[in-house]
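An overview of the molecular structure
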Amino acid sequence: AYSSEGGAEKKRVQSPFEKVTIFGSGLMGSGIAQVSATYNHSVKLVDLNETALEKSQKYIMSSLKRVAKKKFPESTSDQVKFCEGVISKIQFTTKAEEAASDADLVLEAIVENVEIKRKLVATVDAVAPNSVVFATNTSSLKVGDIFANISEARRPNVGGLHFFNPVPQMKLLEVVKADTTSQETFDKMFNYGLSIGKVCVSCKDTPGFIVNRLLVPYMLEAMRMVERGDATAKDIDSSMKYGAGYPMGPFELADYVGLDTSYFISNGWYTNSELKGNDLVKPPKNLKDLVDAGRFGTKSGAGFYDYT
Ligand code: CAA
Ligand code: NAD
């Protein structure tokens, strides 16, 4: 029943949140901060150290410049004004407790590790206002597992907000209703998504929600095709781009998402989820070999392809 096409511009939905605190200033957290600030939220972006935050600031600025060039093709001064206006709404900080204690929405986009995420949940649980909505951007973990130890009173206020890379460009937002998520929390998360211009869909708390449940087995099967000697990676990529209209082939996409992340998702599902033992999600050997060799994809300069 819940899905939307068209986003905020058409529907003009007002966000239920004013202050958004995002944990993790990597690829995803930076993008979510950028988009939230663009749509007038007051954002705090938290990471472990200044180096990560400086990298994030540069990443956001370069992404904003791309958006600004399209928005104001005629005026360099309007481009600069736009970029500075958005970035001024983001406070970059390492002070986790302070950031969590002053938020309407807390969104975590830290590493894909359930124990590390649970530690952060405990930190936020101890200091955040009772009314805070607390969401995770996990790609593959069960939302309910991440919040398993949160205090009883907060259980209705947790859920999933799953964005796609690159966040400023990809229109979709998967809004996840976990077992304990209240309808009120779900509606708030959904309306926040609309308010930042996303097309929102409603998902259950199942492995990979909608997109990754289809996309990950597809990428893994492409890797198995290469292992069987059926086709080369390059020919498979060309086939899916020019025969099926995908913007990237499965190997370009796996490199773009990150081979470490792709392996983590596949291995996690195969060994410890309701998909346990399912050959559809079994990590292919070529994927594991590349990860073991430190070839994590675009971000490390090499994966299935070389980028240097
Ligand atoms: N910030 C802002 N805008 C960006 C951007 C960024 N970081 N990256 C790309 N863009 C914009 C460009 O400005 C450009 O805009 P216009 O078309 O309006 O001019 C547009 O995106 C296309 O970019 P480029 O021309 O530079 O390059 P491209 O045509 O090769 O597109 C791409 C790049 C958007 C990444 C495209 O290749 C694509 O859509 N790839 C598939 C991405 C995908 O499937 N993502 C989902 C991965 S799965 C996931 O995220 C979930 C998970 O849990 C793992
Ligand atoms: P990333 O490695 O680029 O960034 C993670 C950041 O979190 C790092 O800067 C790290 O220093 C920081 N961090 C770690 N522990 C922290 C803590 N306790 N407090 C604050 N910051 C902390 O990772 P990413 O690709 O941005 O992924 C983040 C999350 O989003 C993961 O759960 C991932 O599965 C999910 N996701 C990734 C993609 C993708 O395509 N990469 C897409 C959708 C969802």
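The eight strands are arranged β3-β2-β1-β4-β5-β6-β7-β8 in an open sheet whose pairing can be described as mixed. Lying at the two open borders of the sheet, with one neighbouring strand each, are β3 (90-93) and β8 (199-204). The sheet shows a mean angle of 25° between the axes of neighbouring strands, taken without regard to direction. Lying on the sheet, helix α3 (residues 50-71) is in contact with β2 (42-46) and β3; it crosses β3 at an angle near 155°.

Okay, the pattern of salt bridges next. In total, this model carries 16 salt bridges according to the counting rule given. K19 serves as the salt-bridge partner of D102, at 2.8 Å between the closest nitrogen and oxygen. Here D102, found in the loop between α5 (96-100) and β4 (105-108), pairs with K19, found in strand β1 (residues 19-23); they are 83 residues apart in sequence, far enough to count as distant. You can call D102 partly exposed: its relative accessible area is 30%. For K19, a relative accessible area of 27% gives the class partly exposed. Here E221 ties to R224 by a salt bridge, and the two come within 2.9 Å at their closest N and O atoms. Residue E221 and its partner R224 are both found in helix α9 (residues 211-228); the two are separated by three residues, about one turn of the helix. Sharing partners across several salt bridges, the network here consists of E221, R224, R228 and D230.

With that settled, consider helix α4 (residues 76-87). Between its first and last C-alpha, α4 extends 17 Å over twelve residues, near the 16 Å set by a 1.5 Å rise per residue. Buried within α4 are the following residues: Q79, F82, C83, V86 and I87. The arc enclosing the buried residues of α4, seen along the axis, measures out at 120°, which places them on a common side. Facing away from the buried surface of α4 by more than 90 degrees, the exposed residues are S77 and K81. Where the residues of α4 are buried, they touch α2 (27-38), α3 and β3.

To continue, consider the site of ligand 2. Among the 18 residues in the neighbourhood of ligand 2, the closest are listed as M28, D47, E112, K117 and S139. In the complex, the protein chains occlude 82% of the 840 Å² of accessible area that ligand 2 would expose alone. Class assignment of the residues belonging to the shell around ligand 2 gives a composition of eight nonpolar, seven polar and three charged.

With respect to the helices and strands, R154 occurs in the loop between α7 (143-146) and β6 (158-162). Here R154 falls in the buried class, since its relative accessible area comes to 8%. Within the local environment of R154, its side chain forms a polar contact with the side chain of D125, the two groups lying 2.7 Å apart. What R154 contacts, discounting residues up to four positions off in sequence, is V124, D125, A128, P129, N130 and V132.

Attention shifts here to the packing of α9 against helix α10 (residues 233-242). The geometry of α9 relative to α10 is characterised by a closest axis approach of 9 Å and an angle of 140° between their N-to-C directions. Taken together, the axis directions place α9 and α10 in an arrangement best described as oblique. Helix-helix and strand crossings are classified by hand; for α9 and α10 the assignment is right-handed. Residue-level contacts link Y218, A222, M225 and V226 of α9 to A233, I236 and M240 of α10. The residue makeup of the contact of α9 with α10, split by class, is seven nonpolar, no polar and no charged.

It is worth spelling out helix α8 (residues 183-195) at this point. Every α-helical turn comprises 3.6 residues, leaving residues that sit three or four positions apart pointing alike. In a regular helix each residue adds 1.5 Å, so 13 residues correspond to 18 Å; α8 covers 18 Å between its end C-alpha atoms and thus fits that length. Of the positions making up α8, those classed as buried are T185, F186, M189, F190, Y192, G193, L194 and S195.

What follows deals with the domain arrangement of the protein chain. One widely used convention gives an interface's size as the accessible area the parts lose upon coming together. The domains assigned to the protein chain are domain 1 (7-204) and domain 2 (216-299). Distance from the C-alpha centre of domain 1 to the C-alpha centre of domain 2: 27 Å. Carbon and sulfur atoms supply 58% of the area buried between domain 1 and domain 2, which totals about 550 Å² over both sides. Three residues, E112, S140 and N165, lead the burial of domain 1 against domain 2; their summed loss comes to 60% of the area buried on that side. Applying the counting criterion to the domain 1 and domain 2 interface returns zero salt bridges. Summed over the shared surface of domain 1 and domain 2, the result is one residue pair in polar contact (both at pLDDT 80 or more).

Our next topic: the pairing of β8. Alignment of strand β7 (residues 172-177) against β8, held across six bridges, turns out to be parallel. Among the inter-strand pairings, K177 is bridged to a residue of β8, identified as K204. Each parallel crossover has a hand, and the one from β7 via α8 to β8 is right-handed.

Cut-offs used in this document
- Residues numbered from 1 in each chain as written.
- Chains lettered and ligands numbered in written order.
- Predicted model: local features only at pLDDT ≥ 70, side-chain atom pairs only at ≥ 80, totals over all residues.
- Heavy atoms only, no water.
- Pairing = 2+ DSSP bridges.
- Helix = DSSP H or I, 4+ residues; strand = E, 2+ residues; numbered from the N terminus.
- Axes fitted to C-alpha atoms, helices over the stretch in contact; angles between N-to-C directions.
- Contact = heavy atoms within 4.5 Å.
- Salt bridge = Lys/Arg side-chain N within 4 Å of Asp/Glu carboxyl O.
- Buried < 20%, exposed > 50% of the residue type's maximum accessible area, 1.4 Å probe, protein only.
- Expected span 1.5 Å × (residues − 1).
- Arc of directions from axis to C-beta.
- Near = heavy atom within 4 Å.
- Areas by Shrake-Rupley, 256 points an atom, 1.4 Å probe, with all protein chains shown as cover.
- Nonpolar A, V, L, I, M, F, W, Y, C, P; charged D, E, K, R; others polar.
- Polar contact = N/O pair within 3.5 Å; in protein donor to acceptor, adjacent residues only side chain to side chain.
- Parallel < 35°, antiparallel > 145°, perpendicular 65-115°, else oblique.
- Left-handed = near helix turned anticlockwise from the far one by under 90°.
- Domains from an automatic or database assignment.
- Buried area = accessible area lost by both parts, 1.4 Å probe.
- Right-handed = clockwise from strand over helix to strand, strands pointing away.

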